[in-house]
Amino acid sequence: MSHFANVARVPGDPILGLMDAYRADLHPAKLDLGVGVYKDAQGLTSIPHAVKLAEQRLLDSETTKTYVGGHGDALFGSLLSQLVLGADNPLLVERAAATQTPGGTGALRLSADFIAQCLPGKGIWLSDPTWPIHESIFAAAGLRVGHYPYVGADNQLNVEAMLAALSHVPKGDVVLLHACCHNPTGFDLTPRDWKRVLEIVKARDLLPLIDFAYQGFGDGLEQDAWAVRLFASECTELLITSSCSKNFGLYRERTGALIVCAHTAQKLQDVRSQLAFITRNLWSTPPAHGAAVVATILADNELKALWASELEGMRKRVASLRFGLVDALRPHGLADRFAHIAEQRGMFSYTGLTPQQVQRLRDEFSVYMVGSGRANMAGLDANRLDQLAKAIATVCTP
Ligand code: LMR
């Protein structure tokens, strides 16, 4: 008898699978616009200098590899919370704290299990579309998952439809919002939109869970935190999942945090006791290295300034690549059709290309992007925008 006889094969992850397919492609002019990683002008995902310097310091000074506690490195938690909520945010005195997690994904999984185990009956509402792993993480935790419209079939942000749907979400449910650089679409809310969302969140007593995976990639480190800080000041309770993968270039070090804002200091500690219990069952204690790097950088004014300028360089480069691609599409008469690429924010663009067009780009030009039409703008090569524009023009021609 085979114990595994009934184990069916499931399709590979739609995003990570592209990395493997791209690596196996022998085409010399292949282009990877799949997974959300930043590539520099040489096409490399280099380690930021500030990270290298911090690692060197750690190598020299680290004296132990013993476990960090269930909530991780306290200095990391405190400095990351300041980066997210603002250094002088009064919540940081005793009503907000971070639990270190393996990446932003770990923070999402921790939130999902916390909601499932400690807030029974609550469903969670995700934007349509959203990062596909949001869907599977909350479903895996057994939560009821609902959707609110965000970007429609016309590839436009539809705020009115979003607000209308949120007004009908069952009172007390959880709503997941993308702080900035919406993944997969790149369409962000304006401050006015955010205020309208906030009114509904308050009126329906919803618990906001804000996914903050791209701080610094939208309009800047402080600007990107605007909505998070607005919600933190106006809502008595809030969950924030923060990632250091992209902005510190620490992808494989799996560094992130779940930041909880609670109504009282005592309630924060109650919640944190539950989080420690859940993390013990999930990963026991978090991986330490990435968090130690982040803490080293954020605790040192010089390193912090270096890191912030490197991040700003990445942000500006992606923004200019967006404009460059739209310009390159102009001779093909496609600049208007793809004008949204320059307006979107962050790493991703929902291009509006159909799954068939995406497949043709891959088969005929070795250009890799997610089947939904999501392209990683941070994977573009400034010297090959014309080549990409020509490929796009070819697949867009009926
Ligand atoms: C992405 O969406 O490409 C990134 O968030 C990386 C990932 O883990 O999927």
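How each quantity is defined
- Residues numbered from 1 in each chain as written.
- Predicted model: local features only at pLDDT ≥ 70, side-chain atom pairs only at ≥ 80, totals over all residues.
- Heavy atoms only, no water.
- UniProt positions renumbered as here; feature names shortened; annotations may be inferred.
- Pairing = 2+ DSSP bridges.
- Helix = DSSP H or I, 4+ residues; strand = E, 2+ residues; numbered from the N terminus.
- Axes fitted to C-alpha atoms, helices over the stretch in contact; angles between N-to-C directions.
- Contact = heavy atoms within 4.5 Å.
- Near = heavy atom within 4 Å.
- Polar contact = N/O pair within 3.5 Å; in protein donor to acceptor, adjacent residues only side chain to side chain.
- Nonpolar A, V, L, I, M, F, W, Y, C, P; charged D, E, K, R; others polar.
- Domains from an automatic or database assignment.
- Buried < 20%, exposed > 50% of the residue type's maximum accessible area, 1.4 Å probe, protein only.
- Lys, Arg positive; Asp, Glu negative; His and termini not counted.
- Salt bridge = Lys/Arg side-chain N within 4 Å of Asp/Glu carboxyl O.

The chain carries the name Aspartate/tyrosine/aromatic aminotransferase in an unreviewed UniProt entry, which gives Pseudomonas leptonychotis as its organism. Of the comments in the UniProt record for the chain, the one headed Sequence similarities (unreviewed entry) reads "Belongs to the class-I pyridoxal-phosphate-dependent aminotransferase family." Annotation of the chain in UniProt includes, under Subunit (unreviewed entry), the sentence "Homodimer."

Engineer: Outline the sheet that holds strand S5 (residues 174-178), supporting the account with residue identities and numerical values.
Structural biologist: Within the open sheet, the 7 strands sit side by side as S2-S8-S7-S6-S5-S3-S4. Their pairing is mixed. Whereas interior strands pair on both sides, the edge strands pair on one side only; in this sheet they are strand S2 (96-101) and strand S4 (145-149). Across this sheet, the average inter-strand angle for adjacent strands is 25 degrees, counted without regard to direction. Its contacts with the sheet put helix H3 (residues 74-85) on S2, strand S6 (207-212), strand S7 (238-243) and strand S8 (256-261), and the angle it makes with S8 is roughly 70 degrees.

Engineer: Kindly report on the site of the ligand, identifying the contributing residues and their values.
Structural biologist: In the region of the ligand, the neighbouring residues are Ile15, Val35, Gly36, Trp131, Asn183, Tyr214, Lys246, Phe348 and Arg374. A distance of 2.9 Å separates an oxygen atom of the ligand from a polar atom in the side chain of tryptophan 131. In the shell around the ligand, the residues fall into 5 nonpolar, 2 polar and 2 charged. Here the shell around the ligand gathers at least three residues from each of two domains, domain 1 (14-47 + 303-396) and domain 2 (67-299).

Engineer: Just give me the short version of the side chain of aspartate 40, but keep the residues and values in it.
Structural biologist: One can find aspartate 40 in the loop between strand S1 (31-32) and helix H2 (49-61). No salt bridge is formed by the buried aspartate 40; its nearest oppositely charged neighbour, arginine 317, is found at 6.2 Å. Of note is the side chain of aspartate 40, whose polar atom sits 2.9 Å from the backbone nitrogen of glutamine 42. Within the structure, aspartate 40 has its side chain in polar contact with the side chain of serine 46 (distance 2.8 Å).

Engineer: Explain the UniProt feature "domain: Aminotransferase class I/classII large" (unreviewed entry) in the chain to me, using residue names and the numbers behind them.
Structural biologist: Under the feature "domain: Aminotransferase class I/classII large" (unreviewed entry), the UniProt entry names residues 30-392. Taken end to end, residues 30-392 comprises 46% helix and 13% strand; its first and last C-alpha atoms sit 14 Å apart.

Engineer: Before we move on, can you summarise the side chain of aspartate 25 with the specific residues and values?
Structural biologist: Relative to the helices and strands, aspartate 25 is located in the loop between helix H1 (16-24) and S1. Buried charge aspartate 25 goes without a salt bridge, the closest partner of opposite sign being lysine 30 at 5.8 Å. A distance of 2.8 Å separates a polar atom in the side chain of aspartate 25 from a polar atom in the side chain of serine 366. When sequence neighbours within four positions are dropped, the list of residues in contact with aspartate 25 reads Lys30, Ser366 and Tyr368.

Engineer: Tell me about the pairing of S6, and please be specific about residues and values.
Structural biologist: Within S6, 6 of the 6 residues are buried, leaving the element largely enclosed by the surrounding structure. The side-chain alternation of S6 yields two buried faces, one formed by Leu207, Leu209 and Asp211 and the other by Pro208, Ile210 and Phe212. When S5 meets S6, the two strands line up parallel, connected through 5 bridges. Across the sheet, residue valine 174 finds its bridge partner in S6, namely leucine 207. Taken together, the 4 bridges between S6 and S7 define a ladder with parallel strand orientation. Across the sheet, the residue bridging to isoleucine 210 is isoleucine 240, located in S7.

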